[in-house]
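In case you want the letters, here they are:
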Amino acid sequence: GNQIISCTVNKNENGDVSNGFLFKRDLTAQQEILSTTPNVIKNCIIKDFSHRRIAIENYMNSFHLIGNSIFHTIESSSSTVEAIYFQYGSYPPNNPDIIEGNKIYNLQPKNVAGNSVTGIRLPGGFCVKTFNNFISLKGNEQSTVTGITFASYGYYSILDIYYNTILIYGISSSDCIS
């Protein structure tokens, strides 16, 4: 599999980038070469993006996302911000996707009506282990804020989600932590 280890991904002087890492398979290809060796993104600093920082789309080989720091230092130009996004995931139960030990915080969508912030979006109908992640999100007065969510397509899922710390807080006096 591919490996991206100990790197920094940041916006450039021309503005922020939509996706930091985008892995996408061409759906017109009739075959997918499956590998038992996972793709790895590990110990990277990923900051100041507009839409998605790590996006896995139409990809069937497993990914291990381990020990990454994903955050904003400035407001995004996009009204939708997602740190980790899986459209589809790995489907062999013996070779699941792993999201472990990532630190996701201070995501800042554009301050417009209907904006949203998501820490981790998991695929439905696939095998993903998500554990020991730290997610701290607040959005703004117009935000929908979600720590971990999953798509509900497919007829089965093997989603192991455990030992994650999620802090979601707001700016209104009526907001509470639960």
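Above this note sits the structure.
Residues numbered from 1 in each chain as written. Predicted model: local features only at pLDDT ≥ 70, side-chain atom pairs only at ≥ 80, totals over all residues. Heavy atoms only, no water.

K.L.:
Lay out unusual backbone geometry in plain terms, naming residues and giving numbers.
P.N.:
Residues other than glycine seldom take positive phi values, yet asparagine 106 does so here, at roughly 55°. As for its placement among the helices and strands, asparagine 106 is situated in the loop between strand E11 (103-105) and strand E12 (116-122). Phi angles above zero are rare outside glycine, and tyrosine 163 is one such case at about 55°. Considering the arrangement of structural elements, one finds tyrosine 163 in the loop between strand E16 (158-162) and strand E17 (165-168). (Helix = DSSP H or I, 4+ residues; strand = E, 2+ residues; numbered from the N terminus.)

K.L.:
Residues and numbers for the sheet that holds E17, please.
P.N.:
Pairing is parallel in the open sheet, where six strands are placed in the order E2-E5-E8-E11-E14-E17. Among the strands making up the open sheet, the edge pair consists of strand E2 (8-9) and E17. Bridge count between strand E14 (residues 134-137) and E17: four bridges; the pairing is parallel. Pairing of isoleucine 135 across the sheet is with isoleucine 166, part of E17. (Pairing = 2+ DSSP bridges.)

K.L.:
Describe the pattern of salt bridges, naming the residues involved and giving the relevant values.
P.N.:
If the charged atoms of two oppositely charged side chains come close together, the side chains can form a pair. Under the definition given, this model contains two salt bridges. A salt bridge links arginine 52 to glutamate 82; the shortest N-O distance between them is 2.6 Å. Of this pair, arginine 52 sits in strand E6 (residues 49-57) while glutamate 82 sits in strand E9 (residues 80-86), and the two are 30 residues apart along the sequence. Neither arginine 52 nor glutamate 82 differs from the other in exposure class; each is buried. In this structure, glutamate 82 and arginine 121 form a salt bridge, with 2.6 Å as the shortest nitrogen-oxygen distance. Separated by 39 residues along the polypeptide, glutamate 82 in strand E9 and arginine 121 in strand E12 bring together distant segments of the chain. (Salt bridge = Lys/Arg side-chain N within 4 Å of Asp/Glu carboxyl O. Buried < 20%, exposed > 50% of the residue type's maximum accessible area, 1.4 Å probe, protein only.)

K.L.:
Tell me about the sheet that holds strand E13 (residues 127-131), residues and numbers included.
P.N.:
On the basis of which strands lie adjacent, the open sheet formed by six strands has the order E1-E4-E7-E10-E13-E16 and parallel pairing. Of all the strands in the sheet, just strand E1 (3-5) and E16 have a single pairing partner and so form its edges. Ignoring strand direction, the axes of neighbouring strands in this sheet form an average angle of 5°. Summarising the sheet, E1 and strand E4 (residues 39-42) pair through three bridges and their orientation is parallel. Directly across from isoleucine 5, in E4, lies its bridge partner lysine 42. (Axes fitted to C-alpha atoms, helices over the stretch in contact; angles between N-to-C directions.)

K.L.:
Can you lay out the nonpolar core for me, pointing to particular residues and giving the numbers?
P.N.:
Ile54, Leu65, Ile70, Ile84, Ile99, Ile104 and Leu107 are the most contacted members of the largest nonpolar core, which has 25 residues in total. Sorting the residues of this core by element identifies strand E3 (17-24), E6, strand E7 (63-66), E9, E12 and E14 as the ones contributing at least two each. With four residues, the single largest contributor to this core is E9. Excluding residues within four positions of it along the chain, leucine 107 makes contact with Phe49, Ile70, Phe71, His72, Val81, Ala83, Val117, Thr118 and Leu137. (Core = buried A, V, L, I, M, F, W, Y, C linked by side-chain atoms within 4.5 Å. Contact = heavy atoms within 4.5 Å.)

K.L.:
Kindly report on the side chain of serine 62, identifying the contributing residues and their values.
P.N.:
Here serine 62 shows up in the loop between E6 and E7. Of note is the side chain of serine 62, whose polar atom sits 3.2 Å from the side chain of asparagine 95. (Polar contact = N/O pair within 3.5 Å; in protein donor to acceptor, adjacent residues only side chain to side chain.)

K.L.:
I'd love a proper account of the packing of aromatic side chains, names of residues and values included.
P.N.:
Counting across every chain of the model gives three aromatic pairs. An angle of 5° between the planes, with centres 5.3 Å apart, marks the rings of phenylalanine 131 and tyrosine 162 as stacked. Of this pair, phenylalanine 131 sits in strand E13 while tyrosine 162 sits in strand E16, and the two are 31 residues apart along the sequence. A residue is classified by how much of its surface remains accessible, and phenylalanine 131, at 13% relative accessible area, is buried. Relative to tyrosine 163, the ring of tyrosine 162 has its centre 5.4 Å away and its plane inclined at 85°; by these criteria the two rings are edge-to-face. (Phe/Tyr/Trp six-rings, centres within 6.5 Å; stacked < 30°, edge-to-face > 60°.)

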